[in-house]
Protein chains: 2
Amino acid sequence: MSLVRVHNFSISLDGFGAGEPQSLETPFGHAGQKLHQWMIATSFWDPAGSTGVDLAFASRHEIGFGAEIMGSNKFGPPGWQDDPDWRGWWGEDPPFHTPTYVLTHRPRSPLEMEGGTTFHFLDASPAEALAVAKEAAGELDVRLGGGASTVRDFLAAGLVDQLHLVIVPIVLGRGTRLWDGLEGIEEQYDTEAVSSPSGVTHLSLTRRAAPAAGVPA
Amino acid sequence: MSLVRVHNFSISLDGFGAGEPQSLETPFGHAGQKLHQWMIATSFWDPAGSTGVDLAFASRHEIGFGAEIMGSNKFGPPGWQDDPDWRGWWGEDPPFHTPTYVLTHRPRSPLEMEGGTTFHFLDASPAEALAVAKEAAGELDVRLGGGASTVRDFLAAGLVDQLHLVIVPIVLGRGTRLWDGLEGIEEQYDTEAVSSPSGVTHLSLTRRAAPAAGVPA
């Protein structure tokens, strides 16, 4: 069964998935690289990097996906919709290698990149976008790529099967919060936490199986 | 040297140290026991409880203290100041066993309890209260007991040497936030995280030593 998975989504101790202001120069705002230093330090990013638990988690980003969905804020800095030449942050060979659906209220024509990535632009609800992405993914899973408000919207809609969060021991103070409106969301998930020598903690939320029909809860 | 230490301070993933509304029946509001279940399950609380990493952390609450400071909200439910007979949540032998300073804008006469605990009531700033508590503690440390707004105030004033937080994998959504106004506070601390099989993550913040005089930073 095709699943919806979030990987390597870093948040601060106070629950921000990005700082502010986000711009071309500072895609994560005042957070800089602080939220992702744990990943940059692994061989997922740098061939000379570390190969322990952080790499193990980071690598799952690559495995078993047939499509990605991302929010508008992940595809480009504020205002990218006004730039007809914007082709994403990632150069001509983006690291998705599948159909990749960008949620935006101002859709444009698809962008076929190298390496198997094609960006499609959808003005759609989470459920509608997911139906399109699942169709494209076939038996494979759909990666939900962020940012924070997109992950939040999909969680609120009950559409996320696996959520890998990375709690980074910093206090950002401002930015985009992941958890707003998600009170009690943990009741839908089994949770495992494992801390890394790098200082971050990997939190894995796995959606609980629905009880079999006729079995009392 | 006498230190200021916080132990066993539990927060949700979204950074709340208590839920709401707080009352005599629900001291942690809608959080119930969710923030402290990890501790209740250890032999720190229940003689038949667990004896692993959660107990090891919990037990440090008992070691080396000569005084405690707590906020008004830890001593009693909202409105306790209007009840002249209120003597705290803990019965006649509270688990502090030292002079214990309760911050309140409506101080009253000291309460001498059994087991070495005497409650003193202070209308004072964090620094003023700490001076009094350190005098009482002598060579021993001062425990900062919470709640969230009291820990936050002492952190903002730069008065906390060791901060043991317990990140509980729940989303409370509302209550009292620990981190407000503390952007970048991690830069003053060395941080260690360790996850427990119980599902919580212990985060230990240890204040960095000031650089020696004459040594460039």
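All values reported here derive from a predicted model rather than from experimental measurement. (Residues numbered from 1 in each chain as written. Chains lettered and ligands numbered in written order. Predicted model: local features only at pLDDT ≥ 70, side-chain atom pairs only at ≥ 80, totals over all residues. Heavy atoms only, no water.)

**Focus on the overall build of chain A**
On a plain count of helices and strands, chain A comes out with five helices and 11 strands. Taken over C-alpha atoms, the radius of gyration comes to 17 Å for chain A, in line with the 17 Å a tight globule of 217 residues would show. Expressed as lengths along the three principal axes of its C-alpha atoms, the size of chain A is roughly 55 × 40 × 35 Å. Out of the 217 residues in chain A, the part that is buried amounts to 50%. Looking at chain A alone, contacts between residues at least 24 apart form 64% of all its contacts between residues at least 6 apart. (Helix = DSSP H or I, 4+ residues; strand = E, 2+ residues; numbered from the N terminus. Rg over C-alpha atoms; globule rule 2.2 N^0.38 Å. Buried < 20%, exposed > 50% of the residue type's maximum accessible area, 1.4 Å probe, protein only. Contact = heavy atoms within 4.5 Å.)

**So, the pattern of salt bridges**
Taken as a whole and assessed by the stated rule, the structure comprises 20 salt bridges over all chains. Put simply, R143(B) and E68(B) hold a salt bridge, and the shortest N to O gap is 2.7 Å. Taken together, the residues R143(B) in strand β7 (residues 141–144) and E68(B) in strand β3 (residues 65–70) connect sequence positions 75 residues apart. In the salt-bridge network here, residues are joined through shared partners; they are E20(A), R174(A) and E183(B). (Salt bridge = Lys/Arg side-chain N within 4 Å of Asp/Glu carboxyl O.)

**Points about the UniProt feature "domain: Bacterial bifunctional deaminase-reductase C-terminal" (unreviewed entry) in chain A**
Per the UniProt entry, the sites bearing "domain: Bacterial bifunctional deaminase-reductase C-terminal" (unreviewed entry) are residues 8–182 of chain A in this numbering. Annotation note: span residues 8–182 of chain A, helix share 21%, strand share 23%, distance between end C-alpha atoms 19 Å. (UniProt positions renumbered as here; feature names shortened; annotations may be inferred.)

**What about the nonpolar core?**
Core analysis: the biggest nonpolar cluster contains 68 residues, and I69(A), W179(A), I69(B) and W179(B) have the highest contact counts within it. Beyond its immediate chain neighbours, meaning those up to four positions away, W179(B) contacts L13(A), D14(A), V171(A), I11(B), G15(B), L165(B) and I185(B). (Core = buried A, V, L, I, M, F, W, Y, C linked by side-chain atoms within 4.5 Å.)

**Let's talk about the side chain of T100(B)**
Residues and elements named next belong to chain B. Considering the arrangement of structural elements, one finds T100 in strand β4 (residues 99–103). A distance of 3.1 Å separates a polar side-chain atom of T100 from the backbone oxygen of T98. Discounting residues that sit within four places of it in the chain, T100 has contacts with E68, M70, T117, T118, F119 and H120. (Polar contact = N/O pair within 3.5 Å; in protein donor to acceptor, adjacent residues only side chain to side chain.)

**Details of the side chain of D161(A)**
All names here are of chain A. When you line up the elements, D161 lands in the loop between α5 (148–156) and β8 (162–168). Only 2.8 Å separates the side chain of D161 from the backbone nitrogen of V4, close enough to count as a polar contact. Filtering out sequence-adjacent residues up to four positions away, D161 remains in contact with L3, V4, Y189, L205, T206 and R207.

**Description of the interface of chain A and chain B**
Contact with chain A, which involves 27 residues of that partner, is made by 27 residues of chain B. Summed over both partners, the interface of chain A with chain B buries about 2,100 Å², with 56% contributed by carbon and sulfur atoms. Contact with chain B buries surface across chain A, with L13(A), V171(A) and E183(A) losing the most and accounting together for 30% of the total. Here chain A and chain B share four salt bridges between them. Summed over the shared surface of chain A and chain B, the result is 13 residue pairs in polar contact (both at pLDDT 80 or more). Top element by residues in the side of chain A that touches chain B is strand β10 (residues 189–195) of chain A. It accounts for four residues. When its residues are assigned to classes, the side of chain A that touches chain B shows 12 nonpolar, seven polar and eight charged. (Buried area = accessible area lost by both parts, 1.4 Å probe. Nonpolar A, V, L, I, M, F, W, Y, C, P; charged D, E, K, R; others polar.)

**Overview of unusual backbone geometry**
All names here are of chain B. Put simply, E20 and P21 share a cis peptide bond, and its omega is -10°. Checked against the element boundaries, P21 lands in the loop between β2 (16–18) and α1 (37–40). At the junction of G146 and G147, the peptide bond is cis and its omega measures out at 0° in the coordinates. Along the chain, G147 falls in the loop between β7 and α5 (148–156). Here N8, not a glycine, exhibits a phi torsion of approximately 65°, which is positive.

**Concerning the pairing of strand β1 (residues 4–12) of chain A**
Residues and elements named next belong to chain A. Counting buried positions along β1 gives nine out of nine residues, so the element sits mostly inside the fold. Sheet topology note: the β1/strand β7 (residues 141–144) ladder contains two bridges and is parallel. The residue of β7 that forms the bridge with V4 is V142. One ladder, built from six bridges, connects β1 with β8; its direction is parallel. Across the sheet, F9 pairs through a bridge with L165, a residue of β8. (Pairing = 2+ DSSP bridges.)

**Notes on the environment of I170(B)**
When you line up the elements, I170(B) lands in the loop between β8 (162–168) and β9 (176–177). Assessed through its relative accessible area of 8%, I170(B) is described here as buried. Along the sequence, I170(B) and V200(B) sit 30 residues apart, while their C-alpha atoms lie 9.7 Å from each other. In this structure, I170(B) is in contact with E186(A), S12(B), L13(B), D14(B), K34(B) and L35(B), ignoring residues within four places of it in sequence.

**A word on the relation of the copies chain A and chain B**
Under the fitted operation, chain A is carried onto chain B by 0.0 Å of movement along the axis and a turn of 180°, and the coordinates agree to an RMSD of 0.0 Å. The relationship between the two copies is best expressed as a two-fold rotation axis. Within chain A, S195(A) has its C-alpha nearest the rotation axis, a separation of 2.7 Å. Looking at chain A, 100% of its interface residues are interface residues in chain B too, so the copies touch through the same face. (Least-squares fit on C-alpha atoms with pLDDT ≥ 70 in both.)

**Structural notes on the sheet that holds β1(A)**
All names here are of chain A. Pairing is mixed in the open sheet, where nine strands are placed in the order β5-β6-β4-β3-β7-β1-β8-β11-β10. The open sheet has two free edges, formed respectively by β5 (111–112) and β10, since each of these has just one partner strand. Here helix α4 (residues 126–137) sits on the sheet in contact with β1, β3 (65–71), β4 (99–103), β6 (118–122) and β7, set at roughly 155° to β3. (Axes fitted to C-alpha atoms, helices over the stretch in contact; angles between N-to-C directions.)

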